[in-house]
Each structure stands twice: as C-alpha cells, then as structure tokens.
Amino acid sequence: MYRKNALAAGVAAALALGSVTMVATQSTAVPQPTAAGTSAAQPGAGFRAMTADARGEAIRDAGRNTAATARELGLGPAERLVVKDVLIDADGTRHVRYDRTYKGMDVIGGDLVVHLAENGRITGSDLAHQGAIKVARVTPKLSAAEASAKAVRHAKHVRKAKAGSKDSTLVVYAVGKIPVLAYRSTVTGAGEFGPASREAVIVDAASGAPLDQYELRQSVTGTGNGVTVGQVSIETTQTGSGYTLTDAAHGGTIVYDSYNSPQTNPRQNARPFSKSSNSWGNGTSSSRESAAVDASYGLAKTWDYYKSSFNRSGIRNDGRGAPAYVHVDNSLLNAFYDDNCFCMYFGDGSSQNGNTPVTAVDVAGHEMSHGVTAATANLTYSGESGGLNEATSDIFGTMVEFYADNAADPGDYYIGEKLNMSGGYMRRMDNPAADGKSLSCWNSGAGSVDVHYSSGIANHFFYLAGEGTGAKTIGGRSHNGTTCNNDTFAGIGKDKAAAVWYRALTTYMTSTTNYAGARTATLQAAADLYGANSQERYLVSKAWAAVSVGTALPDPGTGTPTPTPTPTPTPDPTDPPSGNALANGSFEQGTSGWTQSDNIITNSSLQPARDGSWYAWMMGYGADAVESVSQSNIAVPATGAPKLTFWLKVSTQEYAYGAYDTLKVKANGTTLATYSNADASSGYVQKTVDLSAYKGKSVKLEFAGTEDTYLATVFLLDGIAIG
C-alpha cells in the first residue's frame, strides 16, 4: 500500500460519514476486528493505553506533519505548530494538542486540538483563537526593561513586586479577537505561596497597557539522595524561606515523617518534611530524609507511568495525590495502602533485611497500584481475588520500575530486590515457586493460600505473556520463563501485556473475580485492544494455559481455515464446466490468487479488516484514479442458485447523494453490481450478487474502482466467497 501510505495519510480511508468540516467532532465509526497490534475497543471506552515510547512516537509522528496540518487549518505562513500531547481513543481516533508560534514567538491563546481519524484524516478541530494569526507589527515600542516596569506596576497578586528586563519576553497575545504584540513578564513578590510568589503579567508591547495577569504556582525541583534510588531530582514546594516534600506536579502528593507512629495510627506523630535548603537525604538510613526521597521519587514515577501509559491521573484518576508516610512503627518490614485514608505507609525494615527502608521504586509502585485496584475492580483481599489484587500491584510495580529506568535500580521481574532480603528478593515473577512458598501454577487449593503467595500464578502469567519462555538476562538478573505444561512460546512484550491487564482490571474484573475470571477478562481485553483473531490474544491464552488456567486458543496464524464450497459441476456437452474454486477470498494469504492494479491487498493498520488482518483497500485518493483487483478462471457451481458474497465497507468525504465514486463488480467484463459513495456505512456490510447466469461456467471476477477529482471515497473488501 505504498502509494496509499503516502497519499491516504491525509486524504483517504476510513473517512467520517458525510461532509468533513473543520468543527469539533468525534469518530462515529463502528470498529471491526483488526490486525494484531492495533486497537479495536468500542468508541467512548476511553483513551487507548500507550506506553511512554508509544506516546513519544505518536508525538514525534504528529510533529512530522505539523506543516501539512497548519496548511489544512488555514494558518498563515508565519505560524508554526508545536505538538504538546497526543491522546488516542480506543477506536484509533487521535486528538493532537498543539501550541502555536508566530514568527518564533509564543502565541498566548493560540493553542488548539486537532481531531483525526485513525488513518490521519482531519475530522475536526478546536482552536482557542479561530483562524490565522496576523499582527500589524512585530517590532515593539517598549523595551523589555520598560515592559517589566509596567508589569510591576500592574501586578495584583503579589506585594513588593520585582521584575528585571530578563523577566519579560515578547509574545503574541491572541486571547481577544485581534492578536497583538505583547510582553509576558514574570514578577516576584510576597503572596499566597510565600515571599517568592510569582505572577505573570501580560502588557501591550506598544502602550504598556495590562492585558492579563495570573498567579504562577510554585514548581520547584530539588535534589534527593535516596537509600535505594541514588541521587535523583524530586519535585518540592517552596514555602516562605524553606521547602517541603510536596509534589505539586503530581497532584500535591505530600511525604510525611511518621516519626515511628504505630501501625494502628501511623499519622499519630506525623509531620511534613521541611527544611531551609532544597537538598534532601544523604543516601543512607542515617538521614530520615533518605527514605522520603525514595518514596517521593517512586510515587512520582508511578504517577507518570499511569499517566503516560493509560492517561490515568493519579490513583483515582481525579488528579489528586495521596499522602505518604515513611518511618512507620519500629522494625516494620512492610508497606501498605489504606483506602480509608487514601494514603500509603512505609516501614523502616527490620533486622531481617538490615533495617533497609521498604521504599524501593517497585514497592512504591506496588502500593500506589493497590489504590488503583481499589478505585477500579476493588478485588476482595482474600481467596483467589486477593491473589489477583496482590499480583496487580506486583505487575504495575514492576512496570513502574522499568518506566523509571533508574541506573541504581534497573527494571527486572524481581519484587523488592533492593530491600536487602536474605534471599535476594521478596517475590520473583518469572519463577514464583523459587522462594519455596509462592505458587507458579494454579491448583484447586489456590484460594486458601496467603494472597502474597497465590499472587504467584498471575505474576507468572504476566511474565510469560510479556517475555515468553526461555532463559534471559533482564536488568542484570537471570530470568527463566518455565511453564507448567512444558510449552514454549514468544511473549507479546511487557507493554502490551500491561495494557491487557490494565484494561481487564478497569473494564471487566469485579471484586470477586477469580483466576478463571481473570483469564476471561484478559482475553476480552486483548480482543478489544488487538483484535479477536490477533496473535496477542492467542499468546495471552497460551500464557494462561502455561500456568494451568484454561487451555490455549487455536493459533489464528496456523488454524484451519473454513473451506470454500467446491463446485460440483453437471456435465454440459455445449459448455463443459472448468476452472477452480475461488482462492484466498479472505486475503489472509496476501496477494496469492489475485491480480491487482496497485498495492491494493494489504494488512495495513490504517484500516480495519473484517476478519483476520488482510483486506483489499481500494481508492481513497481524493483525485482521479482507477483500480482493480481480480481473479480468473473461477468455477461457478453448476447446481442450485450460485451467488457471490463479500463484505464491503464504504467511507466517504462526499456530502451529496450522487454516485461520484464507484466500485463495480464484474464477471467476464459484465457489470453485475455497482456500489458508490452513496452506500457509505459505519462498518462492514455483507453484499450478495446473483451468479445464476454463469452456472457451471468459469469466470473472471473483478472489482473495479473509479474515483473522480474531488473528495475521497474508500472501498474496503474482505471475506469474498462463491457458493
């Protein structure tokens, strides 16, 4: 689909029904089963789960198309778009958020969101300032120093305001109807956030008149030295002449020193960490701040992982951070989440682990994930559901560790390996039973085992689903994916496995879900995300079977296809039957059996297949074009009422009902049926064509497409059969 990949990225395929206008819209397309690796969840189900790498690639991909997007939006030649974020719906619809610049200057009020169909076609947009930016002059009358002086006089939110020439920057202020050249100045003074509170003041670059002003919240980055994470940057807040471990960038998460309050009331003696400098801890337990650095860093990385991967803002997805308490009790070799107080507690360890604080990255991720479970499936903390609850926290604690990519604690599938445990770890996902207590394989007594040990079944499943079988080194540690049924297979990758688990947890699991229910939930989640016939779903089933939960599904790549009816011709002395059965009507063998005028038969993820991953993608150029795909010497059955059936999906830009772009079905050059842009549908529709006139004969079957010079129409074909 090389030519279409170049043209259709902005023009063809999967177009919204009716007229495509530059207004805010949501995709109304009904998703169909898709190829492995693409999303097929129902519209409205939320944003597609994305790993940090996937999100970064989506942003980079959008960045490569900014010039074309600006042109299509009608922006001026002096304007540039800068990608800020990309959100992807479950049905593949993308929402790209941009900031705007004008001749290199930031445009205040120039931000916008562009909505695109899965193939890249713009379906709508929301602009803070409608239309192109035009500024009468770009040379300011005021100097930066003069603008700063004006800003100081106009400041309303701080007292004893100060600002220098370096604190003022030229911008375009486009909040009103007419954009103007302006200065954005940052003034500092006494205010709500202490003596160093800040305020932004916007003044006209010609007159100095105030255009806008607002408070700037403090976002301070400090340096921390943790026991397990090493030296890291952490978010803190400046208050008066000092700092606190309050992370405003992550929902206002505050880390408190519990001062060894008892487990029964960890907040009894608690007080927030505060000091005059913004350097925390010394890397050892001799400083009470060191464990707090670990916790603050781990919780921030957990927040970022959920936000980046699943667009989840905090534990309850409400943007609110949960308080955390370190130094709880005495000799406490544990950490826990309490949903009643919406908070987390971390012990200092005991003699069993050399009194190493229980604040490692995977532990922080584990505890915060208990909150996510409580806010979603709320798995009961007993029986098999309790094991799934614990496993969920191990799974996402591990994923946070990979996401953090901290050199002092590289990602692996060992839980608590930085806690100085006698065995080297608390739990191990690739081989849970290695600790002598955890279960690697399901059995009928799993529900009566301590949840920390029955979690091994799901942990083992997750490792196998992500990494597959066999020995490997991950994060400098040895791993070996053994199975309970001696099977061997490849994994789908940890990011995909995590996406499946997250969707299953948030969409299908309930408080009483057991292991059999978890298998059902993850198989459905895999179907939603990657397709019912995807390798991902198949390998998820293989991973469950490998831990003795259910059996593996048939391999969609090697399964026996449904046979095409074989004609039984009746001899006719005047026209002896000949020819072959229609071959590869599902296109799952690629181009085999078919002749195409262009790269029509494809497994491109830009469009959905009806079944499997291959289909025929015809037209969609928005320009004069002719295409065809055909198969010769096909035997038409000589008995009964022979017919051609196929699945057709039509999507178009055309807004009138005339037949401007067409797809004709032909037999031996004779047109039997014609479909057009007027037959647009939200999904695949099965079509039937009578072949009685060709009973007992061999024919050349052809699908011929024609597109006019204006507006695109796409015809997708799949599941062709003659019987």
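Please refer to the structure placed before this passage.
Below you will find a few notes about this structure. Computed from a prediction, not measured in an experiment: that's the story for all the values here. (Residues numbered from 1 in each chain as written. Predicted model: local features only at pLDDT ≥ 70, side-chain atom pairs only at ≥ 80, totals over all residues. Heavy atoms only, no water.)

### Considering unusual backbone geometry
Step number 1: For Lys103, which is not glycine, the phi torsion reads 50° and is therefore positive.
Step number 2: By the secondary structure assignment, Lys103 is in the loop between strand S2 (94-102) and strand S3 (105-108).
Step number 3: The class for Lys103 is exposed, based on a relative accessible area of 54%.
Step number 4: With a phi angle near 60°, Asp329 is a residue other than glycine that sits in the positive phi range.
Step number 5: Positionally, Asp329 belongs in the loop between strand S19 (324-328) and strand S20 (335-338). (Helix = DSSP H or I, 4+ residues; strand = E, 2+ residues; numbered from the N terminus. Buried < 20%, exposed > 50% of the residue type's maximum accessible area, 1.4 Å probe, protein only.)

### A closer look at the state of the cysteines
Step number 1: A complete count under the given rule lists 2 disulfides for this structure.
Step number 2: Cys341 shares a disulfide with Cys343; S-S distance 1.6 Å. Around the S-S axis, the bridge from Cys341 to Cys343 shows a dihedral of about -70° and counts as left-handed.
Step number 3: Across a sulfur-sulfur distance of 1.8 Å, Cys441 and Cys484 are joined as a disulfide pair. Between Cys441 and Cys484, the S-S dihedral sits near -95°, and the bridge is therefore left-handed. With Cys441 in the loop between strand S23 (427-428) and helix H8 (451-467) and Cys484 in the loop between strand S25 (477-481) and helix H9 (494-508), this pair connects stretches of sequence that are 43 residues apart. (Disulfide = S-S within 2.5 Å.)

### A word on the sheet that holds strand S28 (residues 615-619)
Step number 1: Taken in spatial order, the 5 strands line up as S27-S28-S35-S30-S33 in an open sheet, and their pairing is antiparallel. Single-partner strands in this sheet number two, and they are strand S27 (601-602) and strand S33 (685-690).
Step number 2: Note that strand S30 (residues 643-652) and S33 share 6 bridges and pair antiparallel. Across the sheet, Thr645 pairs through a bridge with Thr688, a residue of S33. (Pairing = 2+ DSSP bridges.)

### Observations regarding the pairing of strand S4 (residues 112-116)
Step number 1: Burial of S4 is extensive: 5 of the 5 residues sit out of reach of the surface.
Step number 2: Of the two faces of S4, the one carrying Leu112, Val114 and Leu116 and the one carrying Val113 and His115 are both buried.
Step number 3: Of the strand pairs in this sheet, S2 and S4 are connected by 5 bridges, and their pairing is antiparallel. Residue pairing across strands places Tyr98 opposite Leu112, the latter belonging to S4.

### A look at the packing of helix H5 (residues 288-310) against H9
Step number 1: For the pair H5 and H9, the least separation of the axes is 11 Å and the interaxial angle reads 90°. Between H5 and H9, the interaxial angle falls into the category roughly perpendicular. Residues Tyr305, Tyr306 and Phe310 of H5 form the contact with H9, whose own contacting residues are Ala498, Ala499 and Tyr502.
Step number 2: Taken together, the residues of the contact of H5 with H9 sort by class into 6 nonpolar, no polar and no charged. (Axes fitted to C-alpha atoms, helices over the stretch in contact; angles between N-to-C directions. Parallel < 35°, antiparallel > 145°, perpendicular 65-115°, else oblique. Contact = heavy atoms within 4.5 Å. Nonpolar A, V, L, I, M, F, W, Y, C, P; charged D, E, K, R; others polar.)

### A word on the pairing of strand S32 (residues 670-676)
Step number 1: With 6 bridges joining them, strand S31 (residues 662-667) and S32 adopt antiparallel strand pairing. Across the sheet, residue Leu663 finds its bridge partner in S32, namely Tyr675.
Step number 2: The hairpin formed by S31 and S32 contains 2 residues between the paired strands, and Asn668 there has a positive phi angle of roughly 50°.

### Details of the sheet that holds strand S26 (residues 595-596)
Within a beta sheet, neighbouring strands are joined by backbone hydrogen bonds and run either parallel or antiparallel to one another.
Step number 1: Spatial ordering of the open sheet is given by S26-S29-S34-S31-S32, a layout of 5 strands whose pairing is antiparallel. Because the sheet does not close on itself, it has two edges, and the strands there are S26 and S32.
Step number 2: As judged from the 6 bridges shared by S31 and strand S34 (residues 698-707), these two strands associate in the antiparallel manner. Paired with Leu663 across the two strands is Gly705, which belongs to S34.

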